[in-house]
Amino acid sequence: MSATVNRVLVGVVGLVLLAVGGAVLAVGLGAPPPSWWIHDGRHDVLLSTAERTRWRDEAWWWPTVIAALALLVLLALWWLTAVLRRRRLGEVLVDTGDGAGALLRGRALEGVLTGEAGRADGVAHAHVALTGRREAPQARVRLLLEPHVDPATVLDELTSQALTHARNSAALEALPAEVRLKAAKHKAERVS
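The structure displayed is predicted, hence computed values, not measured ones.

Conventions and cut-offs
Residues numbered from 1 in each chain as written. Predicted model: local features only at pLDDT ≥ 70, side-chain atom pairs only at ≥ 80, totals over all residues. Heavy atoms only, no water. Phe/Tyr/Trp six-rings, centres within 6.5 Å; stacked < 30°, edge-to-face > 60°. Buried < 20%, exposed > 50% of the residue type's maximum accessible area, 1.4 Å probe, protein only. Helix = DSSP H or I, 4+ residues; strand = E, 2+ residues; numbered from the N terminus. Axes fitted to C-alpha atoms, helices over the stretch in contact; angles between N-to-C directions. Parallel < 35°, antiparallel > 145°, perpendicular 65-115°, else oblique. Left-handed = near helix turned anticlockwise from the far one by under 90°. Contact = heavy atoms within 4.5 Å. Nonpolar A, V, L, I, M, F, W, Y, C, P; charged D, E, K, R; others polar. Patch = residues over 30% accessible without salt bridge, like charges linked within 9 Å, V, L, I, M, F, W, Y side chains within 5 Å. Areas by Shrake-Rupley, 256 points an atom, 1.4 Å probe, with all protein chains shown as cover. Salt bridge = Lys/Arg side-chain N within 4 Å of Asp/Glu carboxyl O. Expected span 1.5 Å × (residues − 1). Bend = angle between axes of the 7 residues up to and from the residue. pLDDT = per-residue confidence, 0-100. Pairing = 2+ DSSP bridges.

Within the structure shown, the criterion is met by two aromatic pairs. For the pair Trp61 and Trp62, a centre-to-centre distance of 6.3 Å together with 65° between the ring planes defines the contact as edge-to-face. Relative accessible area serves as the criterion here: at 44%, Trp62 is assigned to the partly exposed category. Here a set of aromatic residues connected by ring pairs shows up, and it is made of Trp60, Trp61 and Trp62.

A few words on unusual backbone geometry. One non-glycine residue, Ala171, lies in the positive phi region at around 55°. Residue placement: Ala171 occurs in the loop between α5 (151–169) and β5 (177–183). Overall, the relative accessible area of 40% leaves Ala171 in the partly exposed class.

What follows is about the packing of helix α4 (residues 106–118) against α5. Orientation of α4 relative to α5, taken along the N-to-C sense of each, is 160°, at an axis distance of 10 Å. If you check the angle between α4 and α5, you find them roughly antiparallel. The two elements α4 and α5 cross, and the hand of that crossing is right-handed. The residues of α5 that touch α4, namely those facing Leu109, Leu113, Glu116 and Ala117, are Leu158, Gln161, Ala162, Leu163, His165 and Ala166. Within the contact of α4 with α5, the residues separate by chemical class into seven nonpolar, two polar and one charged.

Taken together, the side chains of Val73, Leu74, Leu77, Leu80, Val83 and Leu84 present a nonpolar region at the surface, about 580 Å² in accessible area. Relative to the helices and strands, Leu80 is located in helix α3 (residues 61–84).

Looking now at α5. Here α5 spans 26 Å end to end across 19 residues, near enough to the 27 Å set by a 1.5 Å rise per residue. For α5, the principal kink sits at Leu158 and spans about 35°. Tucked into the core, α5 has its buried residues touching α4, β3 (123–132), β4 (137–145) and β5. Backbone geometry just after α5 places Ala171 at a positive phi near 55°.

A word on the confidence of the model for the protein. Detailed reading of the predicted model is not advised wherever pLDDT is low. The predicted model of the protein has a mean per-residue pLDDT of 83, with 94% of residues at 70 or higher. Model confidence for the protein, summarised as mean pLDDT per element, is weakest for helix α2 (residues 49–53) at 79 and strongest for β4 at 90.

Here the focus is the sheet that holds β4. Pairing is mixed across the open sheet formed by three strands, whose spatial order is β3-β4-β5. With partners counted over all chains shown, the strands left at the sheet margins are β3 and β5, one partner each. The mean inter-strand angle of the sheet, taken between neighbouring strand axes irrespective of direction, is 15°. Of the pairings in the sheet, the one linking β4 to β5 comprises seven bridges and is parallel in character.

Okay, structure coming up:
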């Protein structure tokens with residue numbers, strides 16, 4: 001989920017809670033309730049006995065309440081996981097030697113790493129994502145290997161070439177990487 005969507009959702013929820021809370025506080029302090037307000041005045045209870053027991057004997061009531069609450073919990077969990085998920089690195093700080101430094105776009109470095117890793121012998125598909133801080137980036141590499149390739153050879157080539165080139169070109173002290181290898185599916189071969 002993008003940061004903009006998250007900010008809009010937090011803002012909307014905050015405004016609704018602020019409006020409802022402010023209205024409850026104002027009525028509780030003696031202000032006349034607005035015409036659309038569901039209660040008559042300061043001493044009115046939130047749910048009267050009649051309102052609380054009105055739908056209790058209906059067969060659809062409790063499944064509806066449980067489904068609505070379950071939906072709210074699932075939406076809250078989805079939102080929480082979207083906020084806590086590791087983000088991609090937007091830019092990498094490159095030490096230029098003059099003390100000022102330069103910023104390298106994270107997507108550009110990801111693209112170069114992906115291209116170089118994808119050109120390695122035996123790699124059918126490569127994907128690289130940068131995480132961490134801009135002063136100390138980390139790479140998450142996913143490689144789809146062709147059926148008859150030695151994974152150790154591909155991993156050695158990745159670390160000695162693609163990751164080393166990226167580390168040197170961005171003047172990084174280190175570029176730790178988490179590499180996930182997966183074999184491409186292939187048809188069974190006939191043995192004769």
